[in-house]
Amino acid sequence: MVLKGPFVAAGLVAALLLGFGIARATAPAATPAATSDPTTIPSHSHGGAVLGDLGGFSLSGAGFTLVPAAPPTFEAGVPRPFAFKIVGADGRAVTKFVPNHDKLLHFIAIKHDLSGFQHRHPELAADGTWSIPLTLPSPGIWRLYSDFVTLDPAGQQVPLALSIDATVAGNYSPLALPAAARTADVDGFTVTYEGTPKVNATQPLTFRVFSGGSPVTDLEKYLAAYGHLVVIRDGDLGYLHVHPEDQLVGGAVKFWLSAPSPGRYRMFFEFQKGGAVHRAEFTVDIQ
Ligand SMILES: [Cu+2]
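Residues numbered from 1 in each chain as written. Predicted model: local features only at pLDDT ≥ 70, side-chain atom pairs only at ≥ 80, totals over all residues. Heavy atoms only, no water.

Novice: I'd like to hear about the pairing of strand E5 (residues 64-68), residue by residue, with values.
Specialist: Sheet topology note: the strand E4 (residues 60-61)/E5 ladder contains 2 bridges and is antiparallel. Across the sheet, the residue bridging to Ser60 is Thr65, located in E5. With 4 bridges connecting them, E5 and strand E7 (residues 80-87) associate as antiparallel partners. The residue bridging Pro68 from the neighbouring strand is Phe84, located in E7. (Pairing = 2+ DSSP bridges. Helix = DSSP H or I, 4+ residues; strand = E, 2+ residues; numbered from the N terminus.)

So this is what it looks like as structure tokens:
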């Protein structure tokens, strides 16, 4: 099976995108998901990463560096433009990005206590400057991830999640991570998930959305997928961005996930219904 791009869904069953380009695996085309042994799904990785690797720890990766236009210091609740470039090994700003899921770059902000999640899409200027008006609502340290695909000098696609920490001065009162739960309420919807993530074994994770007690089976595509799952590890803010199977499965959104380590994670499941994007959040303890 040829992996053409970071978001190519391969095979009849499952394409797993783990680490949003840090690593990924594809399922054998002819293996029905219900009967396959998930541990036999072959992994395929690029950039020296292996299946299960997290990203988003560093300013630099694979010869590319995130360079902010100004130190990322914010005042709580005060909007401020945040601008940055992705600079290549040649010292020049990257201007070529490969579209993935309808965008050239996905920008995620989250506070170190795993609260305040934002998923945004900055604007790219011709000189390679990305910019976005950003409001960080409360004091603390915030991690800002830039998740994109670019090309190396040989023209090969390089998926990366680079990050920088921003500071918001003031009294930081970290929120306790909510207890692990399989149900979350958001915007009048109840969202549940089935499946148990395991370490180094690819497992299905299926999210269902309910409204007024009835299943919502006509979710809409958002950024070219029926759902997006960002998973952040508690303790080091390691970052995964996973995409689901191409089609809904009985109205549900099915992902494949291999956890990189035991620990606590916060999962952010985004879905669209009625033209609006909603986000359900779950804490999960992975053994
Ligand atoms: Cu995005």
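So that's the structure; there's more coming.
Novice: Would you mind going over the coordination of the copper ion in detail, with residue names and values included?
Specialist: The protein atoms that coordinate the copper ion are His106 (ND1), His119 (NE2) and His121 (NE2), at distances of 1.8 to 2.0 Å. All donors of the copper ion come from a single chain, and their spacing in sequence reads H-x12-H-x1-H. Residue classification places His119 among the buried residues on the basis of a relative accessible area of 12%. Note on His121: relative accessible area 23%, which makes it partly exposed. (Donors = N, O, S within 2.8 Å, 3.2 Å for Na, K, Ca; no water. Buried < 20%, exposed > 50% of the residue type's maximum accessible area, 1.4 Å probe, protein only.)

Novice: With reference to specific residues and values, describe the environment of Val216.
Specialist: Here Val216 lies in the loop between strand E17 (214-215) and strand E18 (228-233). Each C-alpha atom of the pair Val216 and Phe189 lies 9.0 Å from the other, and the pair is 27 residues apart in sequence. Sequence-distant contacts of Val216, defined by excluding residues within four places in its chain, comprise Phe189, Val209, Phe210, Ser211, Gly251 and Lys273. (Contact = heavy atoms within 4.5 Å.)

Novice: Outline the pattern of salt bridges, supporting the account with residue identities and numerical values.
Specialist: For the structure shown, the criterion picks out 7 salt bridges. We note a salt bridge from Asp285 to Arg264, for which the minimum N-O separation is 3.1 Å. Residue Asp285 is found in strand E22 (residues 276-286), and its partner Arg264 is found in strand E21 (residues 263-273); the two are separated by 21 residues along the sequence. Assessed through its relative accessible area of 37%, Asp285 is described here as partly exposed. Exposure remark for Arg264: the relative accessible area of 31% places this residue in the partly exposed category. Across the salt bridge formed by Glu281 and Arg279, the nearest N and O atoms sit 3.0 Å from each other. Several salt bridges converge on common partners, so that one network encompasses Arg266, Arg279 and Glu281. (Salt bridge = Lys/Arg side-chain N within 4 Å of Asp/Glu carboxyl O.)

Novice: Which residues make up the sheet that holds strand E19 (residues 239-242), and what values do they have?
Specialist: Across the sheet, which stays open at both edges, the 4 strands sit in the order E19-E18-E21-E22 with antiparallel pairing between neighbours. Either end of the sheet is taken by a strand with one partner, and the two such strands are E19 and E22. With direction set aside, neighbouring strand axes in the sheet form an average angle of 20°. Relative to E22, E21 runs antiparallel, the two sharing 11 bridges. Looking across to E22, one finds that Gln272 is bridged to Val277. (Axes fitted to C-alpha atoms, helices over the stretch in contact; angles between N-to-C directions.)

Novice: Go over the packing of aromatic side chains, please, and point to the residues and values.
Specialist: Scanning the model with the defined rule gives 16 aromatic pairs in all. Between Phe117 and Phe268 the ring centres are 4.2 Å apart and the planes differ by 15°, which places this aromatic pair in the stacked class. Taken together, the positions of Phe117 in the loop between strand E8 (105-111) and strand E9 (118-120) and Phe268 in strand E21 put the pair 151 residues apart, joining distant regions of the chain. Across this residue pair, the class does not change: Phe117 and Phe268 are buried. A centroid spacing of 5.3 Å and a plane angle of 85° characterise the contact between Tyr193 and Phe282, whose relative ring orientation is edge-to-face. Separated by 89 residues along the polypeptide, Tyr193 in strand E15 (residues 189-194) and Phe282 in strand E22 bring together distant segments of the chain. You'll find Tyr193 and Phe282 in the same group, each marked buried. An aromatic cluster is built from Phe189, Tyr193, Phe207, Phe255, Phe269, Phe271 and Phe282, whose rings are joined through pairwise contacts. (Phe/Tyr/Trp six-rings, centres within 6.5 Å; stacked < 30°, edge-to-face > 60°.)

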